[in-house]
Every structure is written in structure tokens, then in C-alpha cells.
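Given next are the chains, with one letter for each unit.
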Amino acid sequence: MKISDSMIAAINDQIKAEFDSAYIYLAMSSYFENEGFQGMAHWMKKQYKEEVEHAEKFIDYLYQRGARFIVPEIAKPKESYENALEVFKTAYAHEQYVTSRIYKLVDLAVEEKDYATQSMLKWFVDEQMEEEDNTSSIVNKLEMFGSDKHHVYIVDRELAAR
Ligand code: FEO
């Protein structure tokens, strides 16, 4: 069964969102490097790479369905933050936004009775649950410790293990 033009456009749009996410996390990584938090910088760099992988998964899926991938323009991300807590709160909010985007794609796939796309999207539904959980638990840890620099460094060291 042929994939619809509207689904091709929606997936291309999601590929842009994944690359935008990658850039957001790359900028967060750069912020942390500059602030001397190498563990958090490492965590964010890994996240950046994961987002590129997400984009690639969608790109490969389009190819598999014989559809065209259009290389998107990537939005310039925010460069500076107040502190580590603000960064991870922003990351968590961003993941919630991405989840809402994935759910909309699922809605479209259901509406179009596109079972192949529904099946492909299942991986992303599960992945979003994990990404929200990861970022929100870091927010909780940072909130628990407040702005005490010593404790932020403990979280930093912990995140170096990712
Ligand atoms: Fe690709 Fe973090 O969602």
C-alpha cells in the first residue's frame, strides 16, 4: 500500500523536529562544557547523537516506503541558561513537546489506516516514555539539591557515566 502524501509531509516535518532537538542538546552540551560541568556535557552530547539517530530512523523509513526525504533547515538553538536546573527543565519540557508530536503522527496513521507507519511509530512512543522519564528524574534530582554547587557536581559526576 502506498504511503500518503500527507504522511510523507508529516514525517519530513518530524525529521526536522528531531534535527532541531539534536541541535538543542548540542547547544546544551556546549553550555555545560563552558560552565565546567563535563558530566552533563557528556550526557547532552549523547542525547544529541540519539536525536540524530531518531532522524535517521525516520529517513530510512521514508526510503523503505519509496518516499522522498527533504533535508530540512535546522533552527538555531538557545545558547545560554541560568543554571543546570533550567537546562534540564527545558529538556524535559522539550521531550514532552516531542511526545505530543509523535502522538499526532500516530493519530494521523490511525486515521489513514496506515498500519505500517503505526507499527514503526510504536518504537518512538516507547522511546518518548523513556526520554521523558530520564529528563524528569534529572530535574527531580537537581530540584532536591537546590542550587548548592557541591550537589550539582555530584549529579554532574553521575551523568558522566551515561
Ligand atoms: Fe527524538 Fe528526544 O526525541
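Located above this text is the structure these notes cover.
Residues numbered from 1 in each chain as written. Predicted model: local features only at pLDDT ≥ 70, side-chain atom pairs only at ≥ 80, totals over all residues. Heavy atoms only, no water.

1. Focus on the environment of glutamate 50
Counted only if it meets this: For the purposes of this entry, the term helix denotes a DSSP run of H or I that reaches at least four residues, the term strand denotes a run of E that reaches at least two, and both are numbered from the N terminus.
Along the chain, the position of glutamate 50 falls in helix H2 (residues 38-64). For the pair glutamate 50 and alanine 27, spaced 23 residues apart in the sequence, the C-alpha separation amounts to 14 Å.

2. Digging into the environment of alanine 75
The test is simple: Contacts are assigned to residue pairs that have any heavy atoms within 4.5 Å of one another.
The topology assignment puts alanine 75 in the loop between H2 and helix H3 (84-111). Separated by 55 residues in the primary sequence, alanine 75 and aspartate 20 place their C-alpha atoms 5.9 Å from one another. Ignoring anything within four residues of it in the chain, the contact list for alanine 75 reads Lys16, Asp20 and Tyr23.

3. Regarding H2
Here is the rule: Multiplying 1.5 Å by the helix residue count minus one yields the expected span of that helix.
A rise of 1.5 Å per residue sets the reference length of H2, with its 27 residues, at 39 Å; its end C-alpha atoms lie 39 Å apart and thus fit the reference within 8%. After H2 finishes, the residue glycine 66 shows a positive phi value of roughly 70°.

4. Quick notes on the pattern of salt bridges
Let me state the cut-off plainly: A carboxyl oxygen of Asp or Glu within 4 Å of a side-chain nitrogen of Lys or Arg is what we treat as a salt bridge.
In total, this model carries nine salt bridges according to the counting rule given. For aspartate 13, the salt bridge identified is with arginine 101, shortest N-O distance 3.3 Å. Taken together, the positions of aspartate 13 in helix H1 (residues 5-35) and arginine 101 in helix H3 put the pair 88 residues apart, joining distant regions of the chain. Notably, a salt bridge pairs lysine 16 with aspartate 20, separated by 3.1 Å at the nearest N-O pair. Pair noted here: lysine 16 and aspartate 20 are both in helix H1, with a separation of four residues, about one helical turn.

5. Quick word on unusual backbone geometry
This is how the line gets drawn: When accessible area is computed with a 1.4 Å probe and restricted to protein chains, residues below 20% of their type maximum are described as buried, those above 50% as exposed, and intermediate ones as partly exposed.
Despite not being glycine, lysine 113 shows a phi value in the positive range, around 55°. Tracing the sequence through the fold places lysine 113 in the loop between H3 and helix H4 (115-145). Classification of lysine 113 as exposed rests on a relative accessible area of 53%.

Shape is all these values report; function is a separate question.
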